[in-house]
Amino acid sequence: MRQIVSACFPKAMITLDRFHHQQFCLEALQEIRIGHRREAMTEAANARDGFGAMIKDLAESGKPLVDAEGNPIRSDAAYHPERLRNNETKAELFIRSRYLLMASLEKWTASQRERAEILFELYPDIEKAYSLTHSLRMIFAQKCDKEAGRRSIKKWYAKVGEFDNKAFNDIAAAMYDREDEILNYFVNRSTNASAESLNAKIKDFCLLTHQMFDGCNWMVDNHSWPRPSHYHSDTLFHLWSIAMHRTFLAGGLLLAKTASVESAVGIVQQFLATWA
């Protein structure tokens, strides 16, 4: 793809979408959270098994059934995991922290802020990963020129090096290799949002016109499509029909870019009806 762009648009300035790298950081942050969640679930399972084994040993030995604090317990007592100051277990803390780690801290609710404080106290590496992810988001949110953005990215690289996490190190290395193209964002603040919007219109257009073009292919196969008089060969006629097919598609896509998909489909339908 890069070679195609360089060959077809030699004077174009290539810009890598900043949102992809922000997404990579979010995924690395979530992987750290998931890793700690697995550890917490393992600890809870071991504690539950240990609680059941303790009750069984006390019952078999004839000793009073009391817990570690000396409080009496029943022989069929259920295990209750430790709860944090916001009345959540560690497993609940990790599950409910998923979406707050994806948002900026100024968008947190009061309960999310309290949850984040507990999470960051217990797991400083999650706090560091969130800080790196948020700081990268803020670098691209600032309105500055390319060189100022480069200086900010260099400082971010240093913070990643201090954190020394493999996932973040890989992200920083990939960004360093394509740094100039990433920083081209600050020239026009361009993303691929417009291209993705056009791609969505293209998919909708192709989906809506699929049956129409099947009808075109039927007319071509049955030679009910008008044949130019100077095309005597069936092979040339087939090539001509393919060209007409592509012309309709290209014209419809141009209409979809400048107008709505529905209006583009309607115009193509009318055009095809005049030729049927």
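Further up the page is the structure itself.
Notes on the structure in this doc start here. (Residues numbered from 1 in each chain as written. Predicted model: local features only at pLDDT ≥ 70, side-chain atom pairs only at ≥ 80, totals over all residues. Heavy atoms only, no water.)

A short note on the side chain of T133
Position of T133 among the secondary structure elements: in helix α5 (residues 124-141). In this structure T133 comes out as buried when scored by relative accessible area, which is 3%. Excluding anything up to four places from it in sequence, T133 contacts C25, L26, L29 and F168. (Helix = DSSP H or I, 4+ residues; strand = E, 2+ residues; numbered from the N terminus. Buried < 20%, exposed > 50% of the residue type's maximum accessible area, 1.4 Å probe, protein only. Contact = heavy atoms within 4.5 Å.)

Regarding the packing of aromatic side chains
Evaluated as defined, the whole model comprises 10 aromatic pairs. Considering the side-chain rings of F140 and Y185, the 5.8 Å spacing of their centres and the 80 degrees angle between planes classify their relative orientation as edge-to-face. Of this pair, F140 sits in helix α5 while Y185 sits in helix α9 (residues 185-188), and the two are 45 residues apart along the sequence. One Lys or Arg, R18, reaches over the ring of F19 and ends 4.1 Å from the middle of that ring. (Phe/Tyr/Trp six-rings, centres within 6.5 Å; stacked < 30°, edge-to-face > 60°. Lys NZ or Arg CZ within 6 Å of the ring centre and 35° of its normal.)

Remarks on the nonpolar core
I126, W156 and F168 are the most contacted members of the largest nonpolar core, which has 36 residues in total. Only α2 (18-61), α3 (90-96), α4 (110-122), α5, α6 (146-163), α7 (166-177), α8 (179-183) and α9 provide two or more residues apiece to this core. For this core, the element with the most residues is α5, which contributes 7 residues. Ignoring anything within four residues of it in the chain, the contact list for I126 reads L29, I32, R33, H36, F94, L101, L119 and F120. (Core = buried A, V, L, I, M, F, W, Y, C linked by side-chain atoms within 4.5 Å.)

Some details on the packing of α5 against α6
Taken N-terminus to C-terminus, the directions of α5 and α6 make an angle of 170 degrees; their axes are 11 Å apart at the nearest point. With respect to α6, the element α5 is oriented roughly antiparallel. Mapping the contact onto sequence places D125, K128, A129, L132, S135, L136, I139 and F140 in α5 and S152, I153, W156, K159, V160, E162 and F163 in α6. Looking at the contact of α5 with α6, its residues break down into 9 nonpolar, 2 polar and 4 charged. (Axes fitted to C-alpha atoms, helices over the stretch in contact; angles between N-to-C directions. Parallel < 35°, antiparallel > 145°, perpendicular 65-115°, else oblique. Nonpolar A, V, L, I, M, F, W, Y, C, P; charged D, E, K, R; others polar.)

Without other data, these values stay purely geometric and don't point to any function.
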